[in-house]
Every structure is written in structure tokens, then in C-alpha cells.
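Analysis of the macromolecular model
Listed below are the residues making up each chain.
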Amino acid sequence: MDDDGKIAAVVVDWIYIGVIRMKKDEALQIIVDEQLKFYNWFHEHKVRPNEVLIEKLGEKWCVSAADERACIAETSRTYFDNEEDALERFIKLVRLEKIYIC
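My aim in this report is to walk through the structure given alongside it, one point at a time.

Here is what the cut-offs are and how they apply
Residues numbered from 1 in each chain as written. Predicted model: local features only at pLDDT ≥ 70, side-chain atom pairs only at ≥ 80, totals over all residues. Heavy atoms only, no water. Buried < 20%, exposed > 50% of the residue type's maximum accessible area, 1.4 Å probe, protein only. Helix = DSSP H or I, 4+ residues; strand = E, 2+ residues; numbered from the N terminus. Arc of directions from axis to C-beta. Phe/Tyr/Trp six-rings, centres within 6.5 Å; stacked < 30°, edge-to-face > 60°. Lys NZ or Arg CZ within 6 Å of the ring centre and 35° of its normal. Pairing = 2+ DSSP bridges. Core = buried A, V, L, I, M, F, W, Y, C linked by side-chain atoms within 4.5 Å. Axes fitted to C-alpha atoms, helices over the stretch in contact; angles between N-to-C directions. Contact = heavy atoms within 4.5 Å.

**With respect to helix α1 (residues 24-33)**
- For α1, the complete set of buried residues consists of Ala27, Ile30 and Ile31. The buried residues of α1 occupy an angular sector of 100° when projected down its axis, which confines them to one face. Opposite the packed face of α1, turned more than 90 degrees from it, sit the exposed residues Asp25, Val32 and Asp33.

Structure representation (C-alpha cells):
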């Protein structure tokens, strides 16, 4: 209510903003731009200690992390039905290196 005791109405226009899905080229550009190092892009090399991996397993994508002995921790495995969600998770985890190394 306003000062005169009248009910004030507020009109809100809702605008749908589509979700932009991450693509492989965008993820790779983030890796280059941010100089990220501790990752394994679809098994481009043998698993190394303390890196984040992304891979396609059958019809699913998997994001996981290797421990200090270069063993993939089973509890770190997260499976996705689409590549875009897997890439988003992968980039989030790879970016964590900036927190721990700085």
C-alpha cells in the first residue's frame, strides 16, 4: 500500500533467457586463455597426478579426477547424458587449480 492507503501494483515482464551450452571449442579456448594445465582432454595423454579428466564412455560423458598417484578416484566420477553439461563441470574443476596453485 502507498501513503494514501491504495494498493500499488507492480507489473513485471518476464523475459526468457536461453541457457548457452558450452561447446568443445569454447572449453578449449578457456583452457588456453586462462593457462590451465592440470587436465586430460579425452585421453590426449596418459593420466597424470592431480589432473581432471573428461572422456566419452559409450553414450555418456564422464568427468573425473586423478589423485597424487595418477589413479582415477572412483568417487570422483560424474556421468552426464550430454557433452555440454560434462564440459561445464570439467571447466569448473580444472579452474580449481588456480585456487590451489596461486
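Back to the text.
**A few points about the packing of aromatic side chains**
- The final tally for this structure, using the stated rule, is 3 aromatic pairs.
- On the basis of an interplanar angle of 85° and a centroid distance of 6.4 Å, the ring pair of Tyr39 and Phe90 is categorised as edge-to-face. With Tyr39 in strand β1 (residues 39-41) and Phe90 in helix α2 (residues 83-101), this residue pair connects regions lying 51 residues apart in the sequence. Like Tyr39, the residue Phe90 is buried in the burial classification.
- Taken together, Tyr39, Trp41, Phe42 and Phe90 form an aromatic cluster joined through their ring pairs.
- Taking the ring centre of Phe42 as reference, the NZ or CZ of Lys24 above it sits at 4.4 Å.

**Quick notes on the pairing of strand β2 (residues 52-57)**
- In this structure, β1 lies alongside β2, joined through 3 bridges in parallel fashion. Pairing of Trp41 across the sheet is with Ile54, part of β2.
- Pairing analysis gives 6 bridges linking β2 to strand β3 (residues 60-65), with the strands arranged antiparallel. Across the sheet, the residue bridging to Glu55 is Cys62, located in β3.

**As for the nonpolar core**
- In terms of nonpolar packing, the biggest core is built from 17 residues, with Ile31, Trp41, Ile54, Val63, Phe90 and Ile91 touching the most fellow members.
- Going through the elements one at a time, α1, β1, β2, β3 and α2 are the ones with two or more residues in this core.
- When residues in this core are grouped by element, the largest group, 5 residues, is from α2.

**Concerning the sheet that holds β3**
- Spatially, the 4 strands line up as an open sheet ordered β1-β2-β3-β4, and their pairing is mixed. Every interior strand has two partners, whereas the edge strands, β1 and β4 (78-80), have only one. Pairs of neighbouring strands in the sheet enclose a mean axial angle of 20°, with direction left out of account.
- Pairing geometry for β3 and β4, over 3 bridges, is antiparallel. Within β4, the residue paired with Trp61 across the bridge is Phe80.

**Re the environment of Arg21**
- If you trace the backbone, Arg21 turns up in the segment before α1.
- Separated by 67 residues in the primary sequence, Arg21 and Glu88 have C-alpha atoms spaced 8.3 Å apart.
- Discounting chain neighbours no more than four positions away, the residues touching Arg21 are Glu26, Asn82, Glu84, Asp85 and Glu88.

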